[in-house]
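Per-entry structural report
These are the residues of each chain, in order.
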Amino acid sequence: MEKSFNSLSLDDDRKLVIGIDFGTTFTGVAWAETRRADHISVIESWPSHANTQEGISSVKVPTELRYTKGSDGENVEWGFQIPALVDRYQWFKLGLDESNPLVSTKSWGDKTPEKLAEDYLTALYKHIIYSLEQKLGAALIRTIPLEFSLTVPAIWTEAAKDKTLKACQKAGLKVNEAISLVSEPEAAAIYALHGLDPHGLKAGDSLVLCDAGGGTVDLISYTITALTPILQVKEVTTGSGGPCGSTFLNRRFADFLTRKLGREDGWDDEVLQEAMERFDSVTKKQYSPTIDGNQGYVIPVPGLSNNAQLGVRRGKITVTPEEMHFIFEPVILKVIKYVQDQIAACQGTEIRAVLLVGGFGQNSYLKERLRDALKSVEVLQPPNAWTAVVRGAVMMGLSRTKALSTVNVVSRKARKHYGVELHTPFNFDKHDSAKKYWCTRHSQYRVYAMFWFVTKGSTIEEHKAIPIDFHQDFLVSKGKPRMLYIDVLANAEDDESPVHKGPGTKALVTLKANLSDIPQTDLDKTIRRRRDGHDYYDIDGVIEATYSSAETRYVLFCQGKRYDSVSAEYAY
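Residues numbered from 1 in each chain as written. Predicted model: local features only at pLDDT ≥ 70, side-chain atom pairs only at ≥ 80, totals over all residues. Heavy atoms only, no water.

1. Structural notes on the pairing of strand S19 (residues 316-319)
A one-sided burial pattern is seen for S19, the buried positions being Ile317 and Val319 and the unburied ones Lys316 and Thr318. Here two bridges tie strand S18 (residues 312-313) to S19, and the two strands are oriented antiparallel to one another. Bridged to Arg313 within S19 is Lys316. Taking the residues that link successive antiparallel strands as the turn, the S18-S19 hairpin has two residues, and the phi of Arg314 there is positive, at about 55°. (Buried < 20%, exposed > 50% of the residue type's maximum accessible area, 1.4 Å probe, protein only. Helix = DSSP H or I, 4+ residues; strand = E, 2+ residues; numbered from the N terminus. Pairing = 2+ DSSP bridges.)

Here it is, written out as C-alpha coordinates:
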(Lines give C-alpha, C1' and ligand atoms only; values in the text may rest on other atoms or scores of the structure.)
Protein backbone atom coordinates (compact mmCIF):
# COMPACT_ATOMS: atom_id res chain seq x y z
CA MET A 1 0.00 0.00 0.00
CA GLU A 2 1.43 3.36 -0.97
CA LYS A 3 0.71 7.00 -0.24
CA SER A 4 1.78 9.63 -2.75
CA PHE A 5 2.84 12.99 -1.39
CA ASN A 6 5.93 14.26 -3.20
CA SER A 7 7.69 13.48 -6.46
CA LEU A 8 11.06 15.06 -5.70
CA SER A 9 14.12 13.05 -6.69
CA LEU A 10 17.49 13.52 -5.00
CA ASP A 11 20.44 11.81 -6.63
CA ASP A 12 23.06 13.05 -4.21
CA ASP A 13 21.37 12.11 -0.93
CA ARG A 14 20.00 8.62 -1.43
CA LYS A 15 18.87 6.79 1.67
CA LEU A 16 16.05 4.71 3.09
CA VAL A 17 13.88 6.14 5.85
CA ILE A 18 12.18 3.46 7.93
CA GLY A 19 9.41 4.23 10.40
CA ILE A 20 8.64 1.84 13.27
CA ASP A 21 5.45 2.23 15.29
CA PHE A 22 6.32 -0.08 18.20
CA GLY A 23 2.87 -0.40 19.74
CA THR A 24 1.48 -1.94 22.90
CA THR A 25 -0.73 -4.41 21.02
CA PHE A 26 0.36 -4.10 17.38
CA THR A 27 3.46 -2.84 15.58
CA GLY A 28 3.68 -1.26 12.14
CA VAL A 29 6.58 -0.61 9.77
CA ALA A 30 6.71 1.71 6.76
CA TRP A 31 9.51 3.00 4.57
CA ALA A 32 10.38 5.32 1.72
CA GLU A 33 13.42 5.99 -0.43
CA THR A 34 14.52 9.58 -0.88
CA ARG A 35 14.79 9.04 -4.64
CA ARG A 36 11.15 8.02 -4.70
CA ALA A 37 9.84 10.06 -1.81
CA ASP A 38 6.42 10.17 -3.47
CA HIS A 39 5.73 6.69 -2.08
CA ILE A 40 5.43 5.46 1.49
CA SER A 41 5.28 1.67 1.51
CA VAL A 42 3.79 -0.20 4.48
CA ILE A 43 5.07 -3.70 5.22
CA GLU A 44 2.04 -5.98 4.94
CA SER A 45 3.53 -9.50 4.81
CA TRP A 46 4.55 -11.20 8.05
CA PRO A 47 5.92 -14.60 9.09
CA SER A 48 3.31 -17.22 9.98
CA HIS A 49 3.36 -20.12 12.40
CA ALA A 50 4.46 -22.31 9.50
CA ASN A 51 7.70 -20.29 9.60
CA THR A 52 7.19 -18.89 6.12
CA GLN A 53 8.52 -15.35 5.76
CA GLU A 54 5.35 -14.00 4.15
CA GLY A 55 2.49 -16.13 5.41
CA ILE A 56 0.16 -13.49 6.85
CA SER A 57 -1.11 -10.28 5.24
CA SER A 58 -1.78 -7.35 7.58
CA VAL A 59 -0.73 -3.71 7.87
CA LYS A 60 0.42 -4.44 11.43
CA VAL A 61 1.81 -7.38 13.37
CA PRO A 62 0.92 -8.32 16.98
CA THR A 63 3.40 -7.09 19.60
CA GLU A 64 3.66 -10.54 21.18
CA LEU A 65 6.45 -12.99 22.03
CA ARG A 66 6.68 -16.66 22.90
CA TYR A 67 9.75 -18.65 23.93
CA THR A 68 10.04 -22.34 23.13
CA LYS A 69 12.71 -24.91 23.90
CA GLY A 70 14.62 -26.28 20.94
CA SER A 71 17.61 -28.52 20.36
CA ASP A 72 19.80 -25.45 20.08
CA GLY A 73 18.38 -23.69 23.13
CA GLU A 74 15.59 -21.16 23.51
CA ASN A 75 13.72 -20.18 20.35
CA VAL A 76 11.70 -17.02 19.87
CA GLU A 77 8.33 -16.86 18.15
CA TRP A 78 6.80 -13.47 17.53
CA GLY A 79 3.76 -11.80 16.02
CA PHE A 80 1.67 -14.10 13.82
CA GLN A 81 4.12 -16.98 14.36
CA ILE A 82 2.53 -17.67 17.76
CA PRO A 83 -0.26 -20.29 17.57
CA ALA A 84 -3.71 -19.43 18.86
CA LEU A 85 -4.64 -20.24 22.45
CA VAL A 86 -1.12 -20.60 23.82
CA ASP A 87 0.57 -18.49 26.48
CA ARG A 88 2.50 -15.52 25.21
CA TYR A 89 4.07 -12.28 26.41
CA GLN A 90 1.85 -9.28 25.69
CA TRP A 91 1.76 -5.58 26.57
CA PHE A 92 5.44 -5.58 27.56
CA LYS A 93 5.85 -2.16 26.00
CA LEU A 94 3.89 -0.83 28.98
CA GLY A 95 6.59 -2.19 31.28
CA LEU A 96 9.13 0.23 29.82
CA ASP A 97 7.20 3.06 31.50
CA GLU A 98 7.19 2.36 35.23
CA SER A 99 4.65 5.14 35.82
CA ASN A 100 1.97 3.16 33.94
CA PRO A 101 -0.73 1.84 36.33
CA LEU A 102 -0.73 -1.59 34.66
CA VAL A 103 2.96 -2.17 35.29
CA SER A 104 2.70 -2.85 39.03
CA THR A 105 0.01 -5.48 38.49
CA LYS A 106 1.54 -7.17 35.46
CA SER A 107 4.29 -9.77 35.79
CA TRP A 108 6.55 -10.94 32.98
CA GLY A 109 7.99 -13.82 34.97
CA ASP A 110 11.72 -14.29 34.49
CA LYS A 111 11.85 -11.76 31.64
CA THR A 112 12.17 -8.00 31.96
CA PRO A 113 10.20 -5.63 29.72
CA GLU A 114 13.55 -4.39 28.39
CA LYS A 115 14.61 -7.92 27.39
CA LEU A 116 11.22 -8.67 25.82
CA ALA A 117 11.36 -5.43 23.84
CA GLU A 118 14.90 -6.22 22.70
CA ASP A 119 13.97 -9.74 21.54
CA TYR A 120 10.85 -8.53 19.78
CA LEU A 121 12.67 -5.69 18.01
CA THR A 122 15.47 -8.09 17.02
CA ALA A 123 12.96 -10.33 15.23
CA LEU A 124 11.19 -7.32 13.74
CA TYR A 125 14.45 -5.84 12.44
CA LYS A 126 15.40 -9.11 10.73
CA HIS A 127 12.04 -9.14 8.97
CA ILE A 128 12.38 -5.49 7.96
CA ILE A 129 15.70 -6.24 6.26
CA TYR A 130 14.23 -9.35 4.60
CA SER A 131 11.25 -7.35 3.30
CA LEU A 132 13.44 -4.55 1.96
CA GLU A 133 15.73 -7.06 0.25
CA GLN A 134 12.70 -8.61 -1.46
CA LYS A 135 11.56 -5.21 -2.71
CA LEU A 136 14.85 -3.52 -3.53
CA GLY A 137 17.48 -6.24 -3.72
CA ALA A 138 20.04 -7.41 -1.17
CA ALA A 139 22.91 -5.58 -2.88
CA LEU A 140 21.23 -2.19 -2.45
CA ILE A 141 20.28 -2.83 1.19
CA ARG A 142 23.93 -3.64 1.98
CA THR A 143 25.09 -0.26 0.67
CA ILE A 144 22.30 2.30 1.02
CA PRO A 145 22.19 4.37 4.24
CA LEU A 146 19.32 3.46 6.58
CA GLU A 147 17.65 5.94 8.91
CA PHE A 148 15.08 4.90 11.50
CA SER A 149 12.28 6.97 12.99
CA LEU A 150 10.96 5.20 16.08
CA THR A 151 7.69 6.40 17.58
CA VAL A 152 7.06 6.69 21.32
CA PRO A 153 4.08 7.99 23.34
CA ALA A 154 4.38 11.71 23.97
CA ILE A 155 3.26 11.23 27.58
CA TRP A 156 6.15 8.87 28.37
CA THR A 157 8.95 9.80 30.74
CA GLU A 158 12.42 10.40 29.38
CA ALA A 159 13.56 7.19 31.08
CA ALA A 160 10.91 5.15 29.24
CA LYS A 161 11.93 6.68 25.91
CA ASP A 162 15.58 5.96 26.69
CA LYS A 163 14.80 2.30 27.51
CA THR A 164 13.03 1.97 24.16
CA LEU A 165 15.96 3.50 22.32
CA LYS A 166 18.44 1.20 24.08
CA ALA A 167 16.28 -1.84 23.23
CA CYS A 168 16.48 -0.84 19.55
CA GLN A 169 20.24 -0.46 19.75
CA LYS A 170 20.63 -3.86 21.44
CA ALA A 171 18.34 -5.35 18.79
CA GLY A 172 21.06 -4.58 16.28
CA LEU A 173 19.48 -1.82 14.23
CA LYS A 174 22.33 -0.77 11.96
CA VAL A 175 22.04 2.88 11.03
CA ASN A 176 24.20 5.58 9.53
CA GLU A 177 22.74 8.24 11.79
CA ALA A 178 21.32 8.10 15.31
CA ILE A 179 17.87 6.54 15.63
CA SER A 180 15.36 9.40 15.86
CA LEU A 181 12.58 9.25 18.43
CA VAL A 182 9.37 10.90 17.29
CA SER A 183 6.18 11.58 19.19
CA GLU A 184 3.32 9.23 18.24
CA PRO A 185 0.61 11.93 18.12
CA GLU A 186 2.89 14.31 16.24
CA ALA A 187 3.70 11.66 13.63
CA ALA A 188 -0.02 10.90 13.25
CA ALA A 189 -0.78 14.61 12.96
CA ILE A 190 1.85 15.11 10.25
CA TYR A 191 0.25 12.39 8.15
CA ALA A 192 -3.36 13.31 8.89
CA LEU A 193 -2.87 17.03 8.28
CA HIS A 194 -1.13 16.37 4.99
CA GLY A 195 -4.06 14.22 3.88
CA LEU A 196 -6.74 16.81 4.66
CA ASP A 197 -8.37 18.71 1.82
CA PRO A 198 -6.15 21.81 1.44
CA HIS A 199 -9.06 23.78 -0.02
CA GLY A 200 -10.93 23.37 3.26
CA LEU A 201 -8.07 24.72 5.36
CA LYS A 202 -6.84 28.22 5.96
CA ALA A 203 -4.06 29.78 7.99
CA GLY A 204 -5.26 30.27 11.54
CA ASP A 205 -7.38 27.11 11.70
CA SER A 206 -6.74 24.95 14.78
CA LEU A 207 -7.19 21.20 15.25
CA VAL A 208 -6.77 18.57 17.97
CA LEU A 209 -5.16 15.24 17.11
CA CYS A 210 -6.29 12.35 19.35
CA ASP A 211 -4.15 9.24 18.96
CA ALA A 212 -6.08 6.49 20.75
CA GLY A 213 -3.90 3.40 20.65
CA GLY A 214 -3.50 0.18 22.56
CA GLY A 215 -1.77 1.43 25.69
CA THR A 216 -2.06 5.21 25.64
CA VAL A 217 -4.21 8.06 24.44
CA ASP A 218 -2.09 11.03 23.30
CA LEU A 219 -3.44 14.44 22.36
CA ILE A 220 -1.83 17.40 20.70
CA SER A 221 -3.23 20.66 19.27
CA TYR A 222 -2.02 22.63 16.27
CA THR A 223 -2.71 25.95 14.61
CA ILE A 224 -1.96 26.18 10.90
CA THR A 225 0.46 29.05 10.30
CA ALA A 226 1.04 28.63 6.55
CA LEU A 227 -0.28 26.52 3.68
CA THR A 228 2.44 27.19 1.10
CA PRO A 229 5.04 26.29 0.01
CA ILE A 230 4.49 23.58 2.64
CA LEU A 231 1.96 23.17 5.42
CA GLN A 232 3.37 24.70 8.61
CA VAL A 233 1.85 24.27 12.06
CA LYS A 234 2.63 25.25 15.63
CA GLU A 235 1.50 23.67 18.88
CA VAL A 236 -1.26 25.59 20.60
CA THR A 237 -0.75 24.22 24.10
CA THR A 238 1.12 21.44 25.87
CA GLY A 239 0.11 17.95 24.80
CA SER A 240 -1.83 15.72 27.15
CA GLY A 241 -3.12 12.18 27.51
CA GLY A 242 -2.78 9.13 29.67
CA PRO A 243 -2.78 5.34 29.92
CA CYS A 244 -6.32 4.50 28.81
CA GLY A 245 -5.98 2.84 25.41
CA SER A 246 -7.83 -0.25 24.21
CA THR A 247 -5.60 -2.49 26.35
CA PHE A 248 -7.60 -1.26 29.33
CA LEU A 249 -10.79 -2.50 27.66
CA ASN A 250 -9.19 -5.94 27.37
CA ARG A 251 -8.24 -5.77 31.03
CA ARG A 252 -11.76 -4.81 32.10
CA PHE A 253 -13.34 -7.50 29.93
CA ALA A 254 -10.99 -10.21 31.27
CA ASP A 255 -11.74 -9.15 34.86
CA PHE A 256 -15.49 -9.14 34.16
CA LEU A 257 -15.46 -12.59 32.57
CA THR A 258 -13.25 -14.07 35.29
CA ARG A 259 -15.53 -12.74 38.03
CA LYS A 260 -18.60 -14.10 36.25
CA LEU A 261 -17.32 -17.52 35.15
CA GLY A 262 -14.19 -18.15 37.18
CA ARG A 263 -15.86 -20.67 39.49
CA GLU A 264 -17.53 -22.67 36.73
CA ASP A 265 -16.29 -26.18 35.92
CA GLY A 266 -14.05 -26.13 32.88
CA TRP A 267 -12.96 -22.51 33.27
CA ASP A 268 -9.25 -22.09 32.72
CA ASP A 269 -6.70 -19.86 31.00
CA GLU A 270 -7.36 -21.43 27.59
CA VAL A 271 -11.06 -20.60 27.78
CA LEU A 272 -10.23 -17.04 28.79
CA GLN A 273 -7.69 -16.81 25.94
CA GLU A 274 -10.26 -17.84 23.33
CA ALA A 275 -12.84 -15.44 24.75
CA MET A 276 -10.29 -12.61 24.72
CA GLU A 277 -9.34 -13.35 21.12
CA ARG A 278 -12.97 -12.89 20.04
CA PHE A 279 -13.37 -9.73 22.10
CA ASP A 280 -10.13 -8.22 20.83
CA SER A 281 -10.53 -9.02 17.12
CA VAL A 282 -14.29 -8.60 16.66
CA THR A 283 -16.39 -7.36 19.56
CA LYS A 284 -14.22 -4.41 20.56
CA LYS A 285 -14.15 -3.05 17.02
CA GLN A 286 -17.87 -3.52 16.33
CA TYR A 287 -19.22 -2.41 19.70
CA SER A 288 -22.01 0.14 19.40
CA PRO A 289 -24.92 0.12 21.86
CA THR A 290 -26.88 2.47 19.60
CA ILE A 291 -27.67 -0.37 17.17
CA ASP A 292 -31.39 -1.13 17.36
CA GLY A 293 -32.43 -4.57 18.53
CA ASN A 294 -29.04 -5.43 20.02
CA GLN A 295 -29.51 -8.76 21.80
CA GLY A 296 -26.00 -8.89 23.23
CA TYR A 297 -22.52 -10.03 22.23
CA VAL A 298 -21.72 -13.70 21.71
CA ILE A 299 -18.33 -14.78 23.10
CA PRO A 300 -16.94 -18.36 22.84
CA VAL A 301 -16.29 -20.14 26.17
CA PRO A 302 -15.69 -23.73 24.98
CA GLY A 303 -16.10 -26.54 27.48
CA LEU A 304 -18.42 -24.71 29.90
CA SER A 305 -21.77 -26.34 30.70
CA ASN A 306 -25.03 -24.65 29.81
CA ASN A 307 -26.13 -22.15 32.44
CA ALA A 308 -29.16 -20.05 31.58
CA GLN A 309 -28.64 -17.79 34.60
CA LEU A 310 -25.13 -16.87 33.42
CA GLY A 311 -26.08 -16.73 29.74
CA VAL A 312 -23.93 -19.73 28.77
CA ARG A 313 -25.28 -22.01 26.03
CA ARG A 314 -23.47 -24.44 23.72
CA GLY A 315 -20.03 -23.22 24.70
CA LYS A 316 -20.84 -19.55 24.23
CA ILE A 317 -21.83 -16.74 26.54
CA THR A 318 -24.03 -13.82 25.60
CA VAL A 319 -22.75 -10.65 27.21
CA THR A 320 -25.66 -8.26 27.59
CA PRO A 321 -25.57 -4.69 26.24
CA GLU A 322 -25.68 -3.46 29.85
CA GLU A 323 -22.66 -5.55 30.83
CA MET A 324 -20.70 -4.42 27.79
CA HIS A 325 -21.62 -0.81 28.56
CA PHE A 326 -20.16 -1.30 32.05
CA ILE A 327 -16.88 -2.48 30.45
CA PHE A 328 -16.61 0.28 27.86
CA GLU A 329 -18.07 3.33 29.57
CA PRO A 330 -15.24 4.27 31.99
CA VAL A 331 -12.66 4.11 29.19
CA ILE A 332 -14.86 6.03 26.72
CA LEU A 333 -15.52 8.73 29.34
CA LYS A 334 -11.83 9.03 30.09
CA VAL A 335 -10.97 9.61 26.42
CA ILE A 336 -13.77 12.18 26.10
CA LYS A 337 -12.45 14.03 29.15
CA TYR A 338 -8.90 14.03 27.76
CA VAL A 339 -10.20 15.59 24.53
CA GLN A 340 -12.35 18.14 26.37
CA ASP A 341 -9.44 19.09 28.65
CA GLN A 342 -7.12 19.50 25.67
CA ILE A 343 -9.62 21.80 23.95
CA ALA A 344 -10.08 23.78 27.18
CA ALA A 345 -6.30 24.13 27.54
CA CYS A 346 -6.23 25.93 24.19
CA GLN A 347 -7.73 28.88 26.12
CA GLY A 348 -9.96 30.64 23.67
CA THR A 349 -8.44 29.23 20.49
CA GLU A 350 -11.34 27.96 18.42
CA ILE A 351 -10.83 24.28 17.62
CA ARG A 352 -12.25 23.46 14.23
CA ALA A 353 -11.96 19.66 14.32
CA VAL A 354 -10.69 16.63 16.22
CA LEU A 355 -8.74 14.10 14.17
CA LEU A 356 -9.17 10.61 15.60
CA VAL A 357 -6.43 8.08 14.76
CA GLY A 358 -4.91 4.90 16.19
CA GLY A 359 -6.33 1.41 16.67
CA PHE A 360 -8.87 2.44 19.30
CA GLY A 361 -9.45 5.61 17.29
CA GLN A 362 -11.08 3.48 14.59
CA ASN A 363 -13.89 2.54 16.97
CA SER A 364 -17.12 3.95 15.53
CA TYR A 365 -18.79 4.24 18.95
CA LEU A 366 -15.91 6.34 20.32
CA LYS A 367 -16.38 8.64 17.33
CA GLU A 368 -20.14 8.85 18.00
CA ARG A 369 -19.66 9.66 21.67
CA LEU A 370 -17.05 12.32 20.94
CA ARG A 371 -19.37 13.96 18.39
CA ASP A 372 -22.18 14.04 20.96
CA ALA A 373 -19.89 15.44 23.68
CA LEU A 374 -18.19 18.09 21.53
CA LYS A 375 -21.29 19.17 19.58
CA SER A 376 -19.99 22.05 17.43
CA VAL A 377 -16.52 20.53 16.86
CA GLU A 378 -16.20 18.19 13.89
CA VAL A 379 -14.77 14.72 14.63
CA LEU A 380 -12.91 13.13 11.72
CA GLN A 381 -11.38 9.68 11.23
CA PRO A 382 -8.76 10.22 8.51
CA PRO A 383 -8.08 7.40 6.02
CA ASN A 384 -5.47 4.83 7.06
CA ALA A 385 -6.04 5.89 10.69
CA TRP A 386 -4.48 2.68 12.03
CA THR A 387 -1.22 3.31 10.17
CA ALA A 388 -1.22 7.12 10.47
CA VAL A 389 1.51 7.05 13.13
CA VAL A 390 4.00 4.94 11.17
CA ARG A 391 3.34 6.79 7.90
CA GLY A 392 3.87 10.07 9.69
CA ALA A 393 7.11 8.75 11.21
CA VAL A 394 8.46 8.17 7.69
CA MET A 395 7.36 11.66 6.62
CA MET A 396 9.18 13.14 9.63
CA GLY A 397 12.28 11.15 8.72
CA LEU A 398 12.13 12.41 5.14
CA SER A 399 11.71 15.98 6.37
CA ARG A 400 15.24 15.82 7.79
CA THR A 401 16.18 16.22 4.12
CA LYS A 402 14.75 19.73 3.83
CA ALA A 403 13.68 19.46 0.20
CA LEU A 404 11.42 16.50 1.07
CA SER A 405 9.54 18.22 3.90
CA THR A 406 5.77 18.37 3.37
CA VAL A 407 4.51 19.37 6.81
CA ASN A 408 6.65 21.30 9.27
CA VAL A 409 6.12 21.78 13.00
CA VAL A 410 7.69 25.19 13.55
CA SER A 411 7.27 25.27 17.33
CA ARG A 412 6.13 23.15 20.26
CA LYS A 413 5.04 23.77 23.84
CA ALA A 414 7.24 22.47 26.66
CA ARG A 415 5.55 19.82 28.80
CA LYS A 416 7.93 20.34 31.73
CA HIS A 417 10.42 22.77 33.15
CA TYR A 418 13.95 21.67 32.18
CA GLY A 419 17.07 23.16 33.73
CA VAL A 420 20.16 22.89 35.92
CA GLU A 421 20.91 23.83 39.53
CA LEU A 422 23.87 26.19 39.93
CA HIS A 423 25.25 28.20 42.81
CA THR A 424 25.00 31.94 42.27
CA PRO A 425 25.31 35.18 44.30
CA PHE A 426 22.39 35.59 46.70
CA ASN A 427 19.74 38.08 45.55
CA PHE A 428 17.44 39.27 48.34
CA ASP A 429 14.63 40.14 45.88
CA LYS A 430 14.74 36.80 44.10
CA HIS A 431 16.02 34.06 46.39
CA ASP A 432 14.82 32.44 49.60
CA SER A 433 16.85 33.84 52.51
CA ALA A 434 16.63 30.52 54.33
CA LYS A 435 18.65 28.90 51.54
CA LYS A 436 21.59 31.31 51.44
CA TYR A 437 25.04 30.26 52.70
CA TRP A 438 28.32 32.06 53.26
CA CYS A 439 30.89 31.11 50.64
CA THR A 440 34.46 31.62 51.87
CA ARG A 441 35.78 30.98 48.39
CA HIS A 442 33.99 34.06 47.01
CA SER A 443 33.61 35.89 50.34
CA GLN A 444 29.90 36.47 49.77
CA TYR A 445 26.48 34.98 50.41
CA ARG A 446 25.52 32.53 47.71
CA VAL A 447 22.60 30.22 47.04
CA TYR A 448 21.76 27.19 44.95
CA ALA A 449 19.13 28.18 42.39
CA MET A 450 17.48 26.78 39.28
CA PHE A 451 18.39 28.00 35.80
CA TRP A 452 15.83 26.82 33.23
CA PHE A 453 16.41 25.98 29.57
CA VAL A 454 12.65 26.10 29.03
CA THR A 455 9.65 26.48 31.31
CA LYS A 456 6.44 24.50 31.19
CA GLY A 457 4.10 25.81 28.49
CA SER A 458 6.74 27.99 26.85
CA THR A 459 7.31 27.91 23.10
CA ILE A 460 10.21 25.80 21.82
CA GLU A 461 11.46 26.44 18.32
CA GLU A 462 12.35 23.38 16.26
CA HIS A 463 16.04 22.39 16.54
CA LYS A 464 17.05 25.69 18.19
CA ALA A 465 19.83 25.14 20.73
CA ILE A 466 19.22 26.79 24.12
CA PRO A 467 22.42 27.52 26.12
CA ILE A 468 23.14 27.86 29.83
CA ASP A 469 26.60 29.12 30.89
CA PHE A 470 28.30 27.87 34.03
CA HIS A 471 31.66 27.81 35.81
CA GLN A 472 33.16 24.93 37.74
CA ASP A 473 36.08 25.36 40.15
CA PHE A 474 38.70 22.66 40.77
CA LEU A 475 41.41 23.10 43.42
CA VAL A 476 44.79 23.33 41.73
CA SER A 477 46.39 21.63 44.74
CA LYS A 478 44.37 18.46 43.98
CA GLY A 479 45.91 18.15 40.54
CA LYS A 480 44.53 18.13 37.05
CA PRO A 481 40.72 17.79 36.90
CA ARG A 482 39.55 14.50 35.41
CA MET A 483 35.76 14.54 35.11
CA LEU A 484 33.00 17.12 35.08
CA TYR A 485 29.44 16.15 35.98
CA ILE A 486 26.27 18.19 35.43
CA ASP A 487 22.75 17.06 36.37
CA VAL A 488 19.85 18.18 34.20
CA LEU A 489 16.64 18.40 36.22
CA ALA A 490 12.97 18.44 35.22
CA ASN A 491 9.74 19.49 36.90
CA ALA A 492 6.34 18.46 35.55
CA GLU A 493 4.36 19.17 38.74
CA ASP A 494 4.63 22.93 39.26
CA ASP A 495 2.90 25.31 36.86
CA GLU A 496 5.28 28.15 37.67
CA SER A 497 9.01 27.50 37.36
CA PRO A 498 10.45 27.28 40.89
CA VAL A 499 13.42 29.45 41.84
CA HIS A 500 14.89 26.68 44.00
CA LYS A 501 14.90 22.92 43.71
CA GLY A 502 11.90 21.47 45.55
CA PRO A 503 10.04 18.15 45.83
CA GLY A 504 8.69 18.45 42.28
CA THR A 505 12.11 18.98 40.71
CA LYS A 506 13.94 15.74 40.06
CA ALA A 507 17.23 14.71 38.50
CA LEU A 508 16.55 13.74 34.91
CA VAL A 509 19.92 12.95 33.37
CA THR A 510 23.59 13.25 34.30
CA LEU A 511 25.94 14.65 31.69
CA LYS A 512 29.63 14.05 32.07
CA ALA A 513 32.77 15.03 30.21
CA ASN A 514 36.31 13.72 30.46
CA LEU A 515 38.56 16.73 31.06
CA SER A 516 41.81 14.80 31.30
CA ASP A 517 42.82 15.60 27.72
CA ILE A 518 42.71 19.38 28.21
CA PRO A 519 46.36 20.50 27.73
CA GLN A 520 48.01 21.72 30.93
CA THR A 521 48.99 24.97 29.16
CA ASP A 522 45.28 25.68 28.52
CA LEU A 523 44.39 24.76 32.10
CA ASP A 524 47.01 27.13 33.47
CA LYS A 525 45.25 30.01 31.73
CA THR A 526 42.11 29.30 33.79
CA ILE A 527 43.77 29.54 37.23
CA ARG A 528 42.08 32.07 39.51
CA ARG A 529 42.92 32.90 43.12
CA ARG A 530 39.71 33.10 45.13
CA ARG A 531 39.00 35.07 48.29
CA ASP A 532 39.89 32.05 50.44
CA GLY A 533 43.50 32.34 49.23
CA HIS A 534 43.47 29.13 47.18
CA ASP A 535 44.09 28.73 43.47
CA TYR A 536 41.40 27.08 41.36
CA TYR A 537 41.06 25.97 37.78
CA ASP A 538 38.00 27.99 36.69
CA ILE A 539 36.53 25.79 33.96
CA ASP A 540 34.25 27.77 31.68
CA GLY A 541 31.34 25.71 30.34
CA VAL A 542 28.13 25.84 28.34
CA ILE A 543 25.31 23.30 28.16
CA GLU A 544 23.17 23.44 25.02
CA ALA A 545 19.78 21.73 24.99
CA THR A 546 17.91 21.05 21.74
CA TYR A 547 14.32 19.84 21.92
CA SER A 548 12.68 17.97 19.05
CA SER A 549 9.60 15.80 18.61
CA ALA A 550 10.24 13.24 21.36
CA GLU A 551 13.83 13.64 22.43
CA THR A 552 16.28 16.12 23.85
CA ARG A 553 19.91 16.36 22.85
CA TYR A 554 22.46 17.87 25.23
CA VAL A 555 25.87 19.12 24.15
CA LEU A 556 28.49 20.11 26.69
CA PHE A 557 31.21 22.68 25.96
CA CYS A 558 34.21 23.03 28.29
CA GLN A 559 36.88 25.62 27.58
CA GLY A 560 35.43 25.90 24.09
CA LYS A 561 35.72 22.18 23.35
CA ARG A 562 32.55 20.40 22.24
CA TYR A 563 31.64 17.08 23.86
CA ASP A 564 29.10 15.70 21.40
CA SER A 565 28.75 12.25 22.91
CA VAL A 566 28.11 13.03 26.53
CA SER A 567 27.10 10.03 28.59
CA ALA A 568 23.44 10.31 29.57
CA GLU A 569 21.89 8.14 32.29
CA TYR A 570 18.20 8.88 32.77
CA ALA A 571 16.88 8.82 36.31
CA TYR A 572 13.13 8.93 35.55
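2. Here's the deal with the packing of helix H5 (residues 246-261) against helix H6 (residues 269-286)
The interhelical angle for the contact between H5 and H6, taken along N-to-C directions, is 135°, at an axis separation of 10 Å. The angle between the axes of H5 and H6 places the two elements in the oblique class. The way H5 lies across H6 gives a crossing that is right-handed. Across from Ser246, Leu249, Asn250, Phe253, Ala254, Leu257 and Thr258 in H5, the residues of H6 making contact are Leu272, Ala275, Met276, Phe279, Asp280 and Lys284. A breakdown of the residues in the contact of H5 with H6 according to their chemical character gives eight nonpolar, three polar and two charged. (Axes fitted to C-alpha atoms, helices over the stretch in contact; angles between N-to-C directions. Parallel < 35°, antiparallel > 145°, perpendicular 65-115°, else oblique. Left-handed = near helix turned anticlockwise from the far one by under 90°. Contact = heavy atoms within 4.5 Å. Nonpolar A, V, L, I, M, F, W, Y, C, P; charged D, E, K, R; others polar.)

3. Thoughts on the nonpolar core
Membership of the largest hydrophobic core comes to 50 residues, with the highest contact counts inside it found for Phe253, Leu257, Leu261, Val301, Met324 and Val339. Broken down by element, this core gets its largest block of residues, 10 residues, from helix H7 (residues 321-345). In contact with Met324, not counting residues within four places along its chain, are Phe253, Phe279, Thr283, Tyr287, Tyr297 and Val319. The next biggest cluster of nonpolar side chains, apart from the first, holds 43 residues, and it includes Tyr67, Tyr89, Ala123 and Ile141. (Core = buried A, V, L, I, M, F, W, Y, C linked by side-chain atoms within 4.5 Å.)

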